[in-house]
Amino acid sequence: MTSSPRRRARLAAVALATGALVLTACSSGGGGGGDKKEQGPSSDKNKASNFTIGTEADSKGPAPEVPGAKKGGAVTVLQRDAFNHLDPGQIYYSDMLTAQMLYNRSLTSYKVDPSGKAKVVGDLATGPGTASDGGRTWTFKLKDGLKFQDGSPITSKDVRWGIERLYADFETDGPMYIPQWLSGDGTSFRKALPDGPYKGDHLPSSVLDTPDAKTVVLHFRKPHADTPFATAMPNVGAVKAAKDTQRKYDNAPFSSGPYQVADFKVGKSLTLVRNPNWDPATDPIRHQYADRFDISFGHQPQDLTRRTLAQQGGDKNAMSFTNAVDPGMTQNVLDDAGTKARRFVEIQPYVDYISFNMTRLKDVKVRKALAYAMPNGQILQQNGGTTAGTIATNYLSPAMDGYQATDPYGKKTHPAGDAEKARALLKEAGKVGQEIVYAYRNTDVEQKVAVVVTQALQKAGFKVQKKEVDANTWRTATSQVDNKFDIYRSSWGADWPVSSTVVPPLFDGRVIADGSQNYGHLDNPKVNSEIDRINAITDIKQAAPEWMKLADKIFTEDVPGVPTFYNRQFSLWGSGLGGVKYMPVYGSVDPTGVYVK
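Here is a short report on the structure shown in this document.

Thresholds applied
- Residues numbered from 1 in each chain as written.
- Predicted model: local features only at pLDDT ≥ 70, side-chain atom pairs only at ≥ 80, totals over all residues.
- Heavy atoms only, no water.
- Pairing = 2+ DSSP bridges.
- Helix = DSSP H or I, 4+ residues; strand = E, 2+ residues; numbered from the N terminus.
- Axes fitted to C-alpha atoms, helices over the stretch in contact; angles between N-to-C directions.
- Buried < 20%, exposed > 50% of the residue type's maximum accessible area, 1.4 Å probe, protein only.
- Salt bridge = Lys/Arg side-chain N within 4 Å of Asp/Glu carboxyl O.

1. As for the sheet that holds strand β3 (residues 108-112)
Then, number 1: One open sheet accounts for three strands, arranged β1-β4-β3; its pairing is mixed. Bordering the open sheet on either side are β1 (51-53) and β3, each of which pairs with just one other strand. Direction aside, the axes of adjacent strands within the sheet are offset by 35° on average.
Then, number 2: Note that β3 and strand β4 (residues 118-122) share five bridges and pair antiparallel. Within β4, the position partnered with Y110 by the bridge is V120.

2. Remarks on the pairing of strand β2 (residues 74-78)
Walk down a regular strand and you will see the side chains alternate between the two sheet faces.
Then, number 1: Among the five residues in β2, five count as buried, and that is most of the element.
Then, number 2: The alternating pattern of β2 places A74, T76 and L78 on one face and V75 and V77 on the opposite face, and all of these are buried.
Then, number 3: Across five bridges, the pairing between β2 and strand β11 (residues 292-296) is parallel. Note on β11: the bridge partner recorded for T76 is D294.
Then, number 4: Summarising the sheet, β2 and strand β12 (residues 318-319) pair through two bridges and their orientation is parallel. What sits directly across from V77, in β12, is M319.

3. Regarding the pairing of strand β8 (residues 215-219)
Then, number 1: Along β8, four of the five residues are buried, which leaves the element largely enclosed by surrounding structure.
Then, number 2: In terms of strand pairing, strand β6 (residues 137-141) meets β8 through five bridges, oriented antiparallel. When the bridges of β8 are listed, T137 appears paired with H219.
Then, number 3: With two bridges connecting them, strand β7 (residues 208-209) and β8 associate as antiparallel partners. Bridging from a neighbouring strand, D209 pairs with V217 of β8.
Then, number 4: Taking the residues that link successive antiparallel strands as the turn, the β7-β8 hairpin has five residues.

4. What to know about the pattern of salt bridges
Close approach of charged atoms allows side chains with opposite charge to pair.
Then, number 1: Evaluation of the coordinates by the stated rule reveals 36 salt bridges.
Then, number 2: Across the pair D123 and R105 runs a salt bridge, and its minimum N-O distance is 2.8 Å. With D123 in the loop between β4 and β5 (130-132) and R105 in the loop between α2 (94-100) and β3, this residue pair connects regions lying 18 residues apart in the sequence. Taken as a pair, D123 and R105 share a single burial class, namely buried.
Then, number 3: For the salt bridge of K199 with D195, the shortest nitrogen-to-oxygen distance reads 3.9 Å.
Then, number 4: We classify D195 as partly exposed; its relative accessible area is 35%.
Then, number 5: Here the residues in one salt-bridge network are R80, D81, D95, R441 and R475, joined through shared partners.

As C-alpha cells, this is what we get:
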C-alpha cells in the first residue's frame, strides 16, 4: 500500500529511545501455506524495541563486509507488478521502496544488522540530525565525498531541491511528513510553494535553510522528535536541478547510490548497473557487489517459485524483492531440505484490508454487514495460510505501541464470516440484495480470493459484480477518489511503530485526494478533530492507547473497511546468491548486500 501522514512524540531521547518501526507502503503480499509451526517466524522484527537511533560513528562508511561476498555477476529479480514510479518523491510501495535503496540515498536511513535489528543512521548526513528550539528545528550536516552518478558533488542545494519539488502538484504518491511539518497539514502545505522550485521560487530560510553547501536546517511548525525516521523516507534526499525532468523523472532518476538506471522499459523491465562515482566510504548501509540487477515484471508467484526451485540456467541467481512463495507450492518448498538456507518466513509490518468506498456505500449498516460477512480465514488461506500471516481482528498491527487485541466483528470465532449477522443488518437497512462492485487484481491468488469473497457476500445477502483490474494499473485505479468500485483490497504498514503513522493517513478526511491512502474516503469531522487532539500529545506512551481507542471507534462506528490478515513474507531465492536478508523496515528482501557466488 502506499501512503502519507504525520506523528508526534516527546523530545529526543525519550521518544526516540523507544525505537520506531517501519514502513509505509502497500504490501506486495505474503505467500505460502502449510501449518508447520516450526516454519514460522522466530520473532517480530517490526516491533519498536527492534529499532534504535544510531550515532555519528554508526553513520560512517563503509558498510560492514558481508562474509563470503564476491564482486561481479548479475542478479535476476522477478517481480509480479510493474513499478509505477522510480522517482523517489513518488515512492511508497514496498517493491519500489526496496528497489530505490540501490540508486537513491536520503538524509538518514536504516542500518540493519545480521540479526535484523534496525538503526536509524545518517545516510547523506553525518548523523541522525541534531534538534534545537525544543525539537522544532533540526540540523543535518552532509558528508564529504558525496557525488551524483556524473561525479558532481551533492550539496545542500540538491537536498533543498529534493524537498521543494515535493510541493509540486505532480508529486502525490509519496510520504509527505517533511513538507507537512514545514508548511501545513493535509494538502495545504502546497500553498507555500505551489509550483515547487520550478519557476525560481523557494521556501524562505525561516522554513528551510541551507546556509552553506554542507548544512540543511528544517524549521518545523511544531516539535517532532521522530524527525530522523521521517528523513529516512526515500523522498528526503538529493535531486540535481539540471537533471530534474519533473514528471519524466520517473523514467530515469539521477543516482546518488551504488547503482544507476541503465534501461527502463515501462511495464516490462528495469536494469540497474554500477554507479562508478558512488563512494563506499560515505555509505554505512550499501554494497556494490553485483555488476547489475536485471529486474523484470509480470512474474506470478507460481512462476517465481517454480523457477527458483528448479534453478535452471540463470535462475540460480534469481530472487524477488517482494514476491512470495506461491501458496500452492508452499509444502514443496518446506519439504525440500535444499531450500532451507535460501528461504525465510518473516512477520511483515503490514495489515491487509478490504476497503469500503464510503463515497458509494453511504449506509453504515451495509458497511457493517460487509465487515461481518468478510471471510478473513478463507482469504488468508488463499494467500498461503500460516506462512502468509494471521487473521486480523482490528486495524492496528500487533507490533504497534499500545496495541490491544480487540475483535469487534468476531473474526476469530467466525473466520469464514458471520453471514447471519450480516444478513440481519441488511434486512434492517432494507438492503437485502444490494449489489456490490468488487474490484480485484488479475493475479492467480486474487482470482481465488475473489471466489471465496463473492461466495461469502452472496451468502450474506449481497449481489456481487466482480471487476478484474490489471495488476500493473491496480494501485492507480483504486487510489482515485472517483473510482467506480465499492470494495477493494488495500494494505498498510506503519512508517515507524507508532499509530500516528497509521490512523491519520488511512482515516483523516483532510488528506483525501487522488493517490492518497484514505482508501475508504472516510471524512468524519469528529475523527479529524480527534486525530488533531492525539497528535498534540507529546508523550508517545500516553498517545498510544488513545490511537488504539480511536482506531476501534472508527472500526465499529464508521467502518471504512475491514482488516483481513496481518502479513508475513515467505521468500525463496536461488542458491547462486548470497547476502540475502530480511529488511524489517520495508517488509521485503534487503538487496544492499546481495552478491553472486
